[in-house]
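# Topology and contacts: notes
Listed below are the residues making up each chain.
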Amino acid sequence: MTDIYGQLINGEWDCSGPQTPNINPSDISETVGMMASATEAQVHDAVAAARAAQPGWEAVKLEEKKNILHAIGQELIDRCDEIGKLLSSEEGKPFAEGRGETFRAGEFYQYYAAECLRQIGESAASVRPGIHIDISREALGVVGLITPWNFPVAIAAWKMGPALAYGNTVVLKPSEVTPATANVLAEILDRHLPKGVFNMVQGGGDIGAALSRSDIDGVSFTGSVSTGRKIAAAAIENMARVQCEMGSKNPIVVTEHADIDLAVAQSIHGAFGASGQKCTASSRLIVDAKIHDEFVEKLAKAAEAKKVGHALAEGTELGPIVSEGQMEKILGYMKLAKDEGGSLVTGGERLERDTEGYYLSPTIYTDTTNDMRVNREEIFGPMTCVMKVESYEEGLALANDTDFGLAAAVMTQNLKEAEHFKRNAQFGSVLVNLATAGLDYHVPFGGRNASSYGPREQGEHAKDFYTIMKTAYTNPG
Ligand code: NAD
């Protein structure tokens, strides 16, 4: 029997809406269930259910809240093989990555379980004698969470964890590309939480848009810049708080003082992990002319050694692209790089495997410049472009010359360059001798310019979005 993924509103499931098949990108003859879309009326019902449940959830005792979040995290960790496999089936990431993402999602819930117990108030002296001041934080209220397909389990967790820990109730609108894992997450959350605290509406951009203009107190979004702009505009119309984490064009600067083998290994990891479908993907490699040729030669060899295949096949290192539309878009950029004057070193083509899927070869272009569209626009696929520079200073200037600002890395064994880069790279995360992708979960995450809008996600700083401050004055008399 085909699974149908639908809405969870106030503890009740509904799958009555129009259905769309969920295709396995590793084998397009396989359907991973059907997604039933919500209606706009159901979005409003979900928000109303969250509104009704919010005061009760905020009043739940700290330790009880902590125990619930911990148990949700533990269930994800215990079931990471099963959920990871489902994630790999509908999204295409290799099983090790699907499993790892689910495990990490469990760790997010457990981190925020512990955050429930952190005392986050302050007290202050008054400028007036005898007056006491307390500054406390209360839940923002009802939050709408709109998530993308590329890390559907982890991103939902890094938004849900703090939302719940700080006493908010939630309406989640997951990506229409990954409804199956969303359904499993909703089943888990529904079992552990009181009715109405967590609600979910499935569907496409129209359902996300309905949520972003509904009666919510805040919306936290991860996805593309163009969608982020629309969501921010809708939220501001209602004076709802807004947090957007969006795309990027992340550089690695490889200086003449780099350990070349380390730089190659990190660049391969950053460019081709998750088939390049990461907001933190290392898509611009800025390499000093003195080591350029050796670096490119080793990079090409490492890329060619990568095994592209079915997400669930033994030994697969790069799975397929998530959908036909995304694959066509990436193939378009592969052609554009050539038209713009780049030289293809390796890759650049669709691959055939035992099952029909959206497989692309890891692709490297050299002789590119920073004004080419392939170095300015997010490609979101297994493709990286090398630019040759004459000095560290030129490399830093190119790295900073972007509309985005999520993550940047430098490869160098020179302390002076490393320290200078950390202070002068204009990005939310800056890394030394590490790729731009692969970040910790207990510290802030976010970017600058078009990459982010609003307060940071993750770690204890997530409270800046999910709580609202109150300043209380007391005259003890
Ligand atoms: P997307 O913007 O197409 O969709 C994201 C979500 O927004 C989906 O749930 C979608 O249904 C919904 N949506 C679409 N139109 C909407 C509208 N008008 N109003 C409200 N909701 C709407 O992005 P995607 O293709 O799912 O994900 C890829 C993008 O996500 C890339 O740009 C990537 O860089 C970005 N991303 C960013 C981060 C980060 O933390 N910075 C992390 C992962 C992915």
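Every chain is numbered on its own, with residues counted from 1 as its sequence reads. This being a predicted model, a pLDDT of at least 70 is required before a residue's local features are given, and a value of 80 or more before pairs of side-chain atoms are given or counted; all residues contribute to the totals for chains, interfaces and linings. The basis for the side-chain values is all heavy atoms of the structure; hydrogens and waters are excluded.

Moving on, we come to the overall build of the protein. Helix and strand counts for the protein stand at 14 helices and 23 strands. For the radius of gyration, the atom set is restricted to C-alpha positions; the globular benchmark scales as 2.2 Å times the number of residues to the power 0.38. In terms of overall dimensions, the protein is globule-like: its C-alpha atoms have a radius of gyration of 23 Å, near the 23 Å expected for 477 residues. Counting only C-alpha atoms and orienting by the principal axes, one finds that the protein spans roughly 75 × 65 × 40 Å. Categorising residues by exposure relies on relative accessible area from a 1.4 Å probe, with only protein chains included: less than 20% of the type maximum marks a residue as buried, more than 50% marks it as exposed, and the intermediate range marks it as partly exposed. Within the protein, buried positions represent 57% of all 477 residues. Runs of H or I in DSSP of at least four residues are treated as helices and runs of E of at least two as strands, each being numbered from the N terminus.

The domain limits used here are those given by an automatic or database domain assignment. Per the domain assignment, the segments of the protein are domain 1 (4–246 + 443–474) and domain 2 (250–432). When each unit is reduced to the centre of its C-alpha atoms, the spacing between domain 1 and domain 2 is 31 Å. Residue contacts are counted whenever heavy atoms from the two residues lie within 4.5 Å of one another. At the interface, 30 residues of domain 1 touch 32 residues of domain 2. By definition, the buried area sums, over both parts, the 1.4 Å-probe accessible area that each loses when the two are put together. At the boundary of domain 1 with domain 2, total buried surface from both sides reaches about 2300 Å², with 60% on carbon and sulfur atoms. The term polar contact refers here to a pair of N or O atoms within 3.5 Å; inside protein, the definition further demands a hydrogen-donor-capable atom paired with an acceptor-capable atom, and it admits residues adjacent in sequence only when both atoms are side-chain atoms. Seen at the junction of domain 1 and domain 2, the total is 13 residue pairs in polar contact (both at pLDDT 80 or more). For the side of domain 1 that touches domain 2, the elements supplying multiple residues, two or more each, are α3 (80–91) and α4 (95–115). Broken down by element, the residue count for the side of domain 1 that touches domain 2 peaks at four residues, all from α3. Gly falls in the polar group here, along with every residue not listed as nonpolar (Ala, Val, Leu, Ile, Met, Phe, Trp, Tyr, Cys, Pro) or charged (Asp, Glu, Lys, Arg). Here the residues of the side of domain 1 that touches domain 2 sort into eleven nonpolar, eleven polar and eight charged.

Another point: the pattern of salt bridges. A pair is scored as a salt bridge if a Lys or Arg side-chain nitrogen falls within 4 Å of a carboxyl oxygen belonging to Asp or Glu. Overall, the coordinates contain 26 salt bridges when judged by the stated rule. With its nearest N and O atoms 3.7 Å apart, the salt bridge here joins Glu460 to Arg118. Here Arg118 lies in the loop between α4 and β6 (122–125) and Glu460 lies in the loop between β22 (452–453) and α14 (463–466), a separation of 342 residues in the sequence. Assessed through its relative accessible area of 27%, Glu460 is described here as partly exposed. In this structure, Lys290 and Glu256 form a salt bridge, with 3.8 Å as the shortest nitrogen-oxygen distance. Of the two residues, Lys290 is situated in the loop between β14 (282–288) and α10 (292–304) and Glu256 in the loop between β13 (250–254) and α9 (260–272); the sequence distance between them amounts to 34 residues. A single salt-bridge network, built from bridges that share partners, covers Glu75, Arg79, Glu82 and Arg191.

Here, nonpolar core refers to any group of buried Ala, Val, Leu, Ile, Met, Phe, Trp, Tyr and Cys residues whose side-chain atoms link them within 4.5 Å. Of all hydrophobic cores here, the largest spans 49 residues; its most connected members are Leu69, Leu164, Val170, Leu193 and Phe198. No other element matches helix α5 (residues 152–165), which puts ten residues into this core. Residues in contact with Leu69, not counting those within four places in the same chain, are Tyr109, Tyr112, Ala113, Cys116, Gly161, Leu164 and Ala165.

What follows covers the site of the ligand. The cutoff for a nearby residue is simple: one of its non-hydrogen atoms must lie within 4 Å of the molecule or strand. Of all residues adjacent to the ligand, which total 29 residues, the nearest are Lys173, Glu176, Ser224, Met246 and Glu378. Glu176 has a polar side-chain atom sitting 2.7 Å from an oxygen atom of the ligand. Contact between the ligand and Ala209: a nitrogen atom at 3.3 Å from a main-chain N or O atom of the residue. The Shrake-Rupley method, run with a 1.4 Å probe sphere, supplies the accessible areas, and residue values consider only the shown protein chains as cover. Relative to its unbound accessible surface of 850 Å², the ligand loses 89% to contact with the protein. Split by residue class, the shell around the ligand holds 13 nonpolar, eleven polar and five charged. Summarising the domain contributions, the shell around the ligand has at least three residues from each of domain 1 (4–246 + 443–474) and domain 2 (250–432).

Orientation of helix α2 (residues 62–78) relative to helix α6 (residues 179–192), taken along the N-to-C sense of each, is 145 degrees, at an axis distance of 10 Å. Every pair of crossing elements has a handedness; the one defined by α2 and α6 is right-handed. Where α2 approaches α6, its residues Ile68, Ala71, Ile72, Glu75 and Leu76 are matched on the opposing element by Leu185, Ile188, Leu189, Arg191 and His192. A class-by-class count of the residues in the contact of α2 with α6 yields seven nonpolar, one polar and two charged. Interaxial angle, 0 to 180 degrees, is taken between N-to-C directions of lines fitted to C-alpha atoms, where a helix line uses only the stretch in contact. Two helices that cross are described as forming a left-handed crossing if the nearer one is turned anticlockwise from the farther one by less than a right angle, and a right-handed crossing if clockwise.

A separate point is the environment of Phe272. With respect to the helices and strands, the residue Phe272 is situated in helix α9. Spatially, the C-alpha atom of Phe272 lies 43 Å from that of Ala53, the residues being 219 residues apart in sequence. Those residues in contact with Phe272 that sit more than four places away from it in its chain are Ala303, Leu318, Pro362, Thr363, Ile364, Pro382, Met383 and Thr384.

What follows covers α4. Multiplying 1.5 Å by the helix residue count minus one yields the expected span of that helix. With 21 residues, α4 should reach 30 Å at 1.5 Å per residue; the first-to-last C-alpha distance of 30 Å fits that figure. Buried residues in α4 make contact with α2, α3, α5 and α6.

Attention now goes to the sheet that holds strand β15 (residues 343–346). For two strands to be treated as a pair, DSSP must find at least two bridges joining them. Taken in spatial order, the seven strands line up as β15-β18-β19-β14-β13-β20-β21 in an open sheet, and their pairing is mixed. Looking at the sheet topology across the chains shown, the edges are occupied by β15 and β21 (429–432). Across the sheet, the axes of successive neighbouring strands diverge by a mean angle of 20 degrees, strand direction being ignored. With four bridges joining them, strand β20 (residues 407–411) and β21 adopt parallel strand pairing. Pairing of Ala408 across the sheet is with Val430, part of β21. On the sheet, helix α13 (residues 415–424) packs against β13, β20 and β21 and is oriented at approximately 175 degrees with respect to β21.

What follows deals with the side chain of Ser212. Looking at the secondary structure, you find Ser212 in helix α7 (residues 205–212). Since its relative accessible area comes to 3%, Ser212 is described here as buried. At a separation of 2.9 Å, a polar atom in the side chain of Ser212 contacts the main-chain carbonyl oxygen of Ala209. Contact partners of Ser212, with chain neighbours within four places excluded, come to Ile146, Ile231, Ala234, Ala235 and Asn238.

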